[in-house]
Amino acid sequence: MPDVDTPRKIALVTGGGTGIGKATALRLAATGAHVIITGRRAAALDTAVAEIEANGLSAQAIVNDVTDLDAVADLHGRILAEHGRLDIAFNNAGYRETRADLCDQTFDTYARVFDTNVRGILACLHHQIAAMRAQGAGAIVVNASVSGMRNPNPGFALYSASKAAVISMARSAAMEEAQHGVRINVVAPGRVVTDMIMEPGIDLDAVAATLPLRRMGTPEEVAEAVHWLTSDAAAYVVGHVLCVDGGFMAS
């Protein structure tokens, strides 16, 4: 918990009900931050908050869909109205299409992938940057993927393209905002065991065998990377893409 004289930081985690988002919410709460967890499924959010509060830590759940631009604006307005500031944001909400060749994907699927993974993050960054500029400080991390740097998964062309786009967008924003005291970085997970990776028929042992570490990653390991990027220990880190991938990108 923070020292008595240290103001509690306000942190936002989108897509925070499960997986990497939930693990990061738990990790940030453990530092003493008050964590606002958002997502589309109320039950998952409530479970995450209950787990945080059971440890004597502070969190709240707000149902929110990053593809709804008005809802995103309302979310950030509510955070500032209730807490007066936003110190940390982890833009984690994402969507991956069902595996299929690009020629078999639909434009409706394209819209869902890009509305969530690119436009949704753009909407969040728009409000987060404005809030952090006004207070002269803040740290933002965008959750991308190694798929945005090197597509390891034929059948997920739309997801990979969306992650490449958001990496570029976040790095450009990082260059613009550093002078205003706002640090923006990217975390790029590799083979991490979450609901998103668990497609029918997947052999996790076979996937793990292709990695230098010979094992899958955990949401908690990604959460540690996000925590570091948002902490004062990373005060000189701006516009970086931190791969948490068991050596995938190096192999």
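Attention here is on the structure that accompanies the text. No experiment lies behind these values; they were computed from the predicted model shown. (Residues numbered from 1 in each chain as written. Predicted model: local features only at pLDDT ≥ 70, side-chain atom pairs only at ≥ 80, totals over all residues. Heavy atoms only, no water.)

1. Focus: the nonpolar core
Residues Ile 79, Leu 86, Ile 140, Val 142, Ile 184 and Val 186 are the most contacted members of the largest nonpolar core, which totals 28 residues. Within the residue set of this core, elements represented by two or more residues are strand S1 (10-13), helix H3 (69-83), helix H4 (107-135), strand S5 (138-143), helix H5 (157-177) and strand S6 (182-189). The element contributing the most residues to this core is H5, with five residues. The contacts of Val 186, once residues within four sequence positions are left out, are Val 141, Val 142, Ala 144, Ile 167, Ala 170, Leu 229, His 240, Val 241 and Leu 242. Among the nonpolar cores identified, the runner-up in size contains 27 residues, and Val 13, Ala 25, Leu 28 and Val 244 belong to it. (Core = buried A, V, L, I, M, F, W, Y, C linked by side-chain atoms within 4.5 Å. Buried < 20%, exposed > 50% of the residue type's maximum accessible area, 1.4 Å probe, protein only. Helix = DSSP H or I, 4+ residues; strand = E, 2+ residues; numbered from the N terminus. Contact = heavy atoms within 4.5 Å.)

2. Topic: the environment of Glu 82
On the secondary structure map, Glu 82 appears in helix H3. Classification of Glu 82 by relative accessible area gives partly exposed; the value is 44%. In this structure, the C-alpha to C-alpha distance between Glu 82 and Asp 115, residues 33 residues apart in sequence, is 28 Å.

3. Quick notes on helix H1 (residues 19-30)
Under the 1.5 Å per step criterion, the end-to-end length of H1 is 17 Å for 12 residues, consistent within 8% with the ideal 16 Å. Downstream of H1 by a residue or two, Gly 32 has a phi angle that is positive, lying close to 105°. (Expected span 1.5 Å × (residues − 1).)

4. Things to note about the sheet that holds S5
Taken together, the seven strands give an open sheet; going across it, the order is S3-S2-S1-S4-S5-S6-S7, and neighbouring strands pair in parallel fashion. Strands at the two margins of the open sheet, each flanked by one partner only, are strand S3 (58-63) and strand S7 (241-244). Mean inter-strand twist for the sheet, computed between neighbouring axes without regard to direction, equals 20°. Here four bridges tie S1 to strand S2 (residues 34-39), and the two strands are oriented parallel to one another. Paired with Leu 12 across the two strands is Ile 36, which belongs to S2. H4 contacts S1, strand S4 (88-91), S5 and S6 of the sheet and is inclined by roughly 170° relative to S5. (Pairing = 2+ DSSP bridges. Axes fitted to C-alpha atoms, helices over the stretch in contact; angles between N-to-C directions.)

5. Quick look at the environment of Ala 61
By secondary structure assignment, the location of Ala 61 is in strand S3. In this view, Ala 61 contacts Ile 37, Leu 45, Asp 46 and Val 49; residues no more than four positions away in its chain are not counted.

6. Digging into the pairing of S1
By the alternation rule, side chains of S1 split into Ile 10 and Leu 12 and Ala 11 and Val 13, which are all buried. With H1 bridging S1 and the parallel S2, this β-α-β connection has right-handed handedness. Of the pairings in the sheet, the one linking S1 to S4 comprises three bridges and is parallel in character. Across the sheet, Leu 12 pairs through a bridge with Ala 89, a residue of S4. (Right-handed = clockwise from strand over helix to strand, strands pointing away.)

7. Re the side chain of His 227
With respect to the helices and strands, the residue His 227 is situated in helix H7 (residues 219-230). Discounting chain neighbours no more than four positions away, the residues touching His 227 are Arg 27, Leu 28 and Thr 31.

8. Looking at the pairing of S4
On S4, burial covers both faces: Ile 88 and Phe 90 on one face and Ala 89 and Asn 91 on the other are all buried. With four bridges joining them, S4 and S5 adopt parallel strand pairing. If you follow Ala 89 over to S5, its bridge partner there is Ile 140. Handedness of the crossover joining S4 and S5 through H4 is recorded here as right-handed.

9. Re the packing of aromatic side chains
Enumeration over the complete set of coordinates arrives at one aromatic pair. Geometry around Phe 156 places Arg 96 over its ring, the cationic atom sitting 3.9 Å from the centre. It is Arg 112 that lies over the ring of Tyr 95; its NZ or CZ is 3.8 Å from the centre. (Phe/Tyr/Trp six-rings, centres within 6.5 Å; stacked < 30°, edge-to-face > 60°. Lys NZ or Arg CZ within 6 Å of the ring centre and 35° of its normal.)

By themselves, these figures tell us nothing about what the structure is for.
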